[in-house]
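Letter by letter, the chains look like this.
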Amino acid sequence: MLRGLRIRAMLTQEELAALSGVSERQIREIESGRVPMPRAGTVRMLADALDLSPEDRAAFQLAAQPGATQSGATQPETPHPKAGQPDTGQPDAGQREAGRSAAARPFTEQPEASRPDTAQPDSAQPETGQPEAGRRDAGRPRVPEQLPSDVDGFTGRAEALRVLDAATSAVVAVSGPAGVGKTSLAVHWSHRAAPRFPDGRLYVDLRGFSRHDAMEPTEVIRGFLDALGVPLDRVPSGLTAQVALYRSHSAGRALLVVLDNARDAEQVLPLLPAGPAARTIVTSRRRLTGLVAETGATALTLDVPDLPEAVELLGRRLAPASEGDSVAAIAAACGRLPLALALVGARAQLTGFPPEAIATELRNPRGRIAALEIDAVFSWSYDALSRDAARLFRLLGLVAGADIALAAAAALAGRALPEVRRTLAELTDASMVVEHAPGRYRMHDLLHAYAAERVRAEESEAGRQAALTRLLDHYTHTAYHAELVLNPVRAPIPMALGTPVDGSEPKPVLDLTAAVEWLKTEYAVLLAALRQAEEEGMHRHAWQLSWALDTFLNDERRWHDEGAAWAVALRAATAMTDRPAAAHAHRFLSAVHGRLDRFEEAHAHMREALRLSLAAGDRAGEAENRFVLSYVYWLQGDGERALDQAGRSLALFTEIDDPYWAGKAALAVGWYLSELGSLQEALPYHLQALELQQRAGDRPNELVTLDTLGVLHQRLGDPMSAIPHFRRGLRLVATMDNPALRAQLLGHLGDASEAVGDPETAREHWREAYEILRGLGHPHAADLRRKLQA
């Protein structure tokens, strides 16, 4: 059926994979009959991509799920150990998200530890009637707004603005030298033209000419798809498939895409949206001739402004009565370069020096600059700073991230927040940094390069190392505290952090909302800090920061970044000859590669993790490795081997008397058995899991087991025995502030009530679940509405 529907839609397997987010290998195996009963989430993703009619969709789902449901029971999301968290005891996402926005929580959200990922290979799984968590945002396209703030006091550039207004091509390439104002022009025009693009504005700094690594197209596309509402677990790993998915989601939408600071055409071409309603603005120091030739882009070369425009730009920052000749002399001495004009104008405002005095100073051979050689102006502005401001400015040259928050700047400087806030205000007034968002600061890459020169020249190696240690301690300890809030039952970090150094002042993270907000805001900066720790040989920071970011990266389904982080951690552990830390990293990498369908790499990492654990006599490590190995086998569709490894893991955890992990392993064994059709045999393992979880105080997984036990009884044709488990689950979830999971339990309780011949009670539970989901704006509310109507 899948093959026929695909051919009718005139799609190749590769094209369907790109549109659906299901791997090409999975599609091939379904069409060949090797996977006769694909997962419910996979079926939905394929049906969405094929744009099936309601009748075709119903037939398609029925064909994929022969005999999968019993007694009218709705199968819950699988209580499988969390895919990306092989480490100690991840609670499920439903419980971890108790403090997050209710609208963001899916109806089906069991603990992440308990649900399969949409990218996994298919194997027998009953139809659940519920959208997978990874699909919770599908069908709800977002309107992204990623533009930076508009440029304050933008002036001039009338001809360039006219070209942008009149351009009919889909791409405009704005080129020109550093500091000439390309970004300012692109951002200002984008704000002015925003009403023409009601479907959203995407922006990215491609970092083509910064000292940091330029952004790869795959990284940018994942960010754009996320902003457009595509769950990251639907994003394929290959660039070709990513581009196809990105263009399918941008086709027909009036989008504005700003690709700032591009390195070359090769970096830009995969990032162009599809459809005639979209517009892309590209800025680069290079002319991007290849891009113009390939796309027919409008080429706009931005030179320094003419003298009248430069005088106007500078005059806005000088005293109204300034003499025109003096202002013109300053503009000419600055080579009319907007960045230099801004620096000089800022100094004039701060010092109150009249333009005549500034012009005289610039006429000095030491102060005068050529058109594009602005180091003299940098030096001039730097020398005018206070001692504290000059120190902070040069220390900012050590920062690898694209920007820095106030708290992190305070750690870098080793000073109190109020003092650093005043110092940053001085740097902002001097146009040495820009406060581009409240409490967040960045600098032009030329200024950053100048700061890096100054810090190498004026700070000792010990001083630079101390500043970096404070900054990385700030990031690592804050991320660690956030991790404990996201995942309070995770085992202690194997490589203990110790006490943060004086002056690093980790940011307090008091609740789940604050933790998630901080991690999302600092996400790119933290990854840059991780890479910097490795480059600087600060291996403990690199390993610890990787560990602290794992739950967030997994919850956000940023699995490529999760894998990159653990690769850094593995290299760090190897450099420190820390075998337990290396085994830990191999274990995580095995799970990540498994989720990405890279099974050869997944097994290679697991073999090494097992070797290290066995050589060290680490029984707990071996047990965790086998627990994760069971998951990798399940991803491959090998349920028998998955069951075997889960059983061996359970035996080891029982032997070392670890009730928390033994409970997780018992639940995994029970779930594998039930999915392999051995429902009666699965029952005692669920009961064992429940006893162990209660002993360990593991309420999140206890809740999963109660829900799963209820559904298991329904599948066994005993809905009367299911009801007490659902009721216990409802009492437990009442302590967790998780309305989405409460709705799921109510829905299951309604199903069981109907099955025992109590339609009034069923309607009552379904109605309450429906009201919760309607309030959350969740699409599954419609399913409950149909049940109530029926």
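Residues numbered from 1 in each chain as written. Predicted model: local features only at pLDDT ≥ 70, side-chain atom pairs only at ≥ 80, totals over all residues. Heavy atoms only, no water.

## Some points on empty space enclosed by the protein
For the coordinates displayed, the defined rule picks out 5 cavities of 30 Å³ or more. One number sums up the size of the largest cavity: a volume of about 60 Å³. As for the largest cavity, its lining consists of Asp388, Arg391, Leu392, Ala413, Arg415, Glu419, Val420 and Thr423. Breaking the lining of the largest cavity down by element, the ones donating at least two residues are helix H18 (387-395) and helix H20 (417-429). Across the lining of the largest cavity, the residue classes break down as 3 nonpolar, 1 polar and 4 charged. (1 Å grid on protein atoms, 1.4 Å probe; cavity = no way out; pocket = protein on both sides within 12 Å on 5 of 7 lines; lining within 4 Å. Points joined across faces, edges and corners; volume = space filled by probe spheres on them. Helix = DSSP H or I, 4+ residues; strand = E, 2+ residues; numbered from the N terminus. Nonpolar A, V, L, I, M, F, W, Y, C, P; charged D, E, K, R; others polar.)

## Points about the packing of helix H30 (residues 659-675) against helix H32 (residues 699-715)
H32 packs onto H30 with a crossing angle of 25 degrees between their chain directions and a minimal axis gap of 11 Å. One way to sum up the angle between H30 and H32 is to call them roughly parallel. Both H30 and H32 take part in a crossing whose hand is left-handed. Contacts from Tyr660, Lys664, Leu667, Ser674 and Glu675 in H30 reach Asn701, Val704, Thr705, Leu712 and Arg715 in H32. (Axes fitted to C-alpha atoms, helices over the stretch in contact; angles between N-to-C directions. Parallel < 35°, antiparallel > 145°, perpendicular 65-115°, else oblique. Left-handed = near helix turned anticlockwise from the far one by under 90°. Contact = heavy atoms within 4.5 Å.)

## Some remarks on the nonpolar core
If you look at the biggest cluster of nonpolar residues, it comprises 119 residues, and the most contacted ones within it are Phe393, Ile404, Leu427 and Trp543. Of the residues forming this core, the biggest block, 12 residues, is contributed by helix H23 (residues 512-535). Core analysis: the next-biggest nonpolar cluster, separate from the first, contains 67 residues, Ala682, Leu712, Phe726 and Ala781 among them. (Core = buried A, V, L, I, M, F, W, Y, C linked by side-chain atoms within 4.5 Å. Buried < 20%, exposed > 50% of the residue type's maximum accessible area, 1.4 Å probe, protein only.)

## What about the packing of helix H33 (residues 719-733) against helix H34 (residues 739-755)?
At a closest axis distance of 9 Å, the pairing of H33 and H34 adopts a crossing angle of 160 degrees. With respect to their mutual orientation, H33 and H34 come out roughly antiparallel. Crossing hand, H33 versus H34: left-handed. Residues Pro719, Ile723, Phe726, Arg727, Gly729, Leu730 and Val733 of H33 form the contact with H34, whose participating residues are Leu741, Arg742, Leu745, Leu746, His748, Leu749, Ala752 and Ala755.

## Remarks on helix H7 (residues 158-166)
Residues of H7 that are buried include every one of Ala160, Leu161, Val163 and Leu164, and no others. What you see down the axis of H7 is that its buried residues fit within an arc of 155 degrees, all on one side. Where H7 is buried, its residues contact strand E1 (171-175), helix H8 (182-193), strand E4 (279-284) and strand E5 (298-301). (Arc of directions from axis to C-beta.)

## Structural notes on the packing of aromatic side chains
One pass over the full model with this rule turns up 16 aromatic pairs. The interplanar angle of 25 degrees and the centroid separation of 4.2 Å between the aromatic rings of Trp566 and Phe588 together place this pair among those described as stacked. Note that Trp566 is positioned in helix H25 (residues 559-575) and Phe588 in helix H26 (residues 579-595), a separation of 22 residues in sequence. Of the two residues, Trp566 and Phe588, both sit in the buried class. Feature note: the residues Phe378, Tyr382, Phe393 and Tyr450 constitute an aromatic cluster, connected by ring pairs. Sitting above the plane of the Trp547 ring, Arg490 keeps its charged end 3.6 Å from the centroid. One Lys or Arg, Lys664, reaches over the ring of Trp661 and ends 5.5 Å from the middle of that ring. (Phe/Tyr/Trp six-rings, centres within 6.5 Å; stacked < 30°, edge-to-face > 60°. Lys NZ or Arg CZ within 6 Å of the ring centre and 35° of its normal.)

## A few points about the sheet that holds strand E6 (residues 404-405)
The strands making up a sheet are joined through hydrogen bonds of the backbone, oriented either antiparallel or parallel. Pairing in this open sheet of 3 strands is antiparallel, and the strands run E6-E8-E7 from one edge to the other. Each edge of the open sheet carries a strand with a single partner, namely E6 and strand E7 (434-437). For E6 and strand E8 (residues 440-442), the ladder comprises 2 bridges, and the chain directions are antiparallel. Note on E8: the bridge partner recorded for Ile404 is Tyr441. (Pairing = 2+ DSSP bridges.)

## Digging into the pairing of E1
Taken across its 5 residues, E1 has 5 buried, putting it largely inside the fold. The alternating pattern of E1 places Val171, Ala173 and Ser175 and Val172 and Val174 on opposite faces, both of which are buried. As paired elements, E1 and E4 share 5 bridges and run parallel to each other. Among the inter-strand pairings, Ala173 is bridged to a residue of E4, identified as Val282.

## Some thoughts on H30
Across its 17 residues, H30 extends 24 Å between first and last C-alpha, which sits within 8% of the 24 Å expected from 1.5 Å per residue. With 17 of 17 residues buried, H30 lies mostly within the body of the structure. N-capping of H30 is provided by Asp658, with a side-chain oxygen placed 3.3 Å from the backbone N of Tyr660. (Expected span 1.5 Å × (residues − 1). Polar contact = N/O pair within 3.5 Å; in protein donor to acceptor, adjacent residues only side chain to side chain.)

## Some points on the pairing of strand E3 (residues 256-262)
Buried residues dominate E3, accounting for 7 of its 7 residues. With 5 bridges joining them, strand E2 (residues 201-205) and E3 adopt parallel strand pairing. Counted as the bridge partner of Leu202 is Val257 from E3.

## Comments concerning the confidence of the model for the protein chain
Averaged over all residues, the pLDDT of the protein chain is 83; the fraction at 70 or higher stands at 87%. Of the regions scoring below 50 in pLDDT, residues 67-139 engages in 319 contacts with residues more than four places distant in sequence or in other chains. Long-range and interchain partners of residues 365-373, a stretch whose pLDDT sits below 50, account for 17 contacts in this model, where long-range means more than four residues apart. (pLDDT = per-residue confidence, 0-100.)

## Re the sheet that holds E3
The strand order across the open sheet built from 5 strands is E2-E3-E4-E1-E5, with neighbouring strands paired in parallel fashion. Two strands bound the open sheet, and with one partner strand each, they are E2 and E5. The sheet shows a mean angle of 15 degrees between the axes of neighbouring strands, direction not considered. In terms of strand pairing, E1 meets E5 through 4 bridges, oriented parallel. The residue of E5 that forms the bridge with Ser175 is Thr301. Along the sheet, H7 makes contact with E1, E4 and E5, crossing E5 at roughly 170 degrees. The sheet contacts of H8 involve E1, E2, E3, E4 and E5, and relative to E4 the element is tilted by about 165 degrees.

## Structural notes on unusual backbone geometry
Despite not being glycine, Arg207 shows a phi value in the positive range, around 55 degrees. With respect to the helices and strands, Arg207 occurs in the loop between E2 and helix H9 (217-227). Phi is positive for Glu505, which is not a glycine, with a value near 40 degrees. With respect to the helices and strands, Glu505 occurs in the loop between helix H22 (461-486) and H23.

## Description of the pattern of salt bridges
Applying the stated criterion to the full structure yields 35 salt bridges. Note that Arg192 is salt-bridged to Asp165, the shortest N-O span being 2.5 Å. In this pair, Arg192 is assigned in helix H8 and Asp165 in helix H7, connecting sequence segments 27 residues apart. Note that Arg774 is salt-bridged to Glu771, the shortest N-O span being 2.7 Å. Of the two residues, Arg774 and Glu771 both sit in helix H35 (residues 759-776), 3 residues apart, roughly one turn of that helix. The exposure class assigned to Glu771 is partly exposed, which follows from its relative accessible area of 38%. When salt bridges that share partners are traced, they join Arg394, Arg454, Glu458 and Glu459 into one network. (Salt bridge = Lys/Arg side-chain N within 4 Å of Asp/Glu carboxyl O.)

## A short note on a negative patch on the surface
The grouping of Asp213, Glu216, Glu219, Glu535 and Glu536 at the surface amounts to a negative patch. Considering the arrangement of structural elements, one finds Glu216 in the loop between E2 and H9. Judged by relative accessible area, Glu216 falls into the partly exposed class, the value being 43%. (Patch = residues over 30% accessible without salt bridge, like charges linked within 9 Å, V, L, I, M, F, W, Y side chains within 5 Å. Areas by Shrake-Rupley, 256 points an atom, 1.4 Å probe, with all protein chains shown as cover. Lys, Arg positive; Asp, Glu negative; His and termini not counted. Charge placed at Lys NZ, Arg CZ, Asp CG, Glu CD.)

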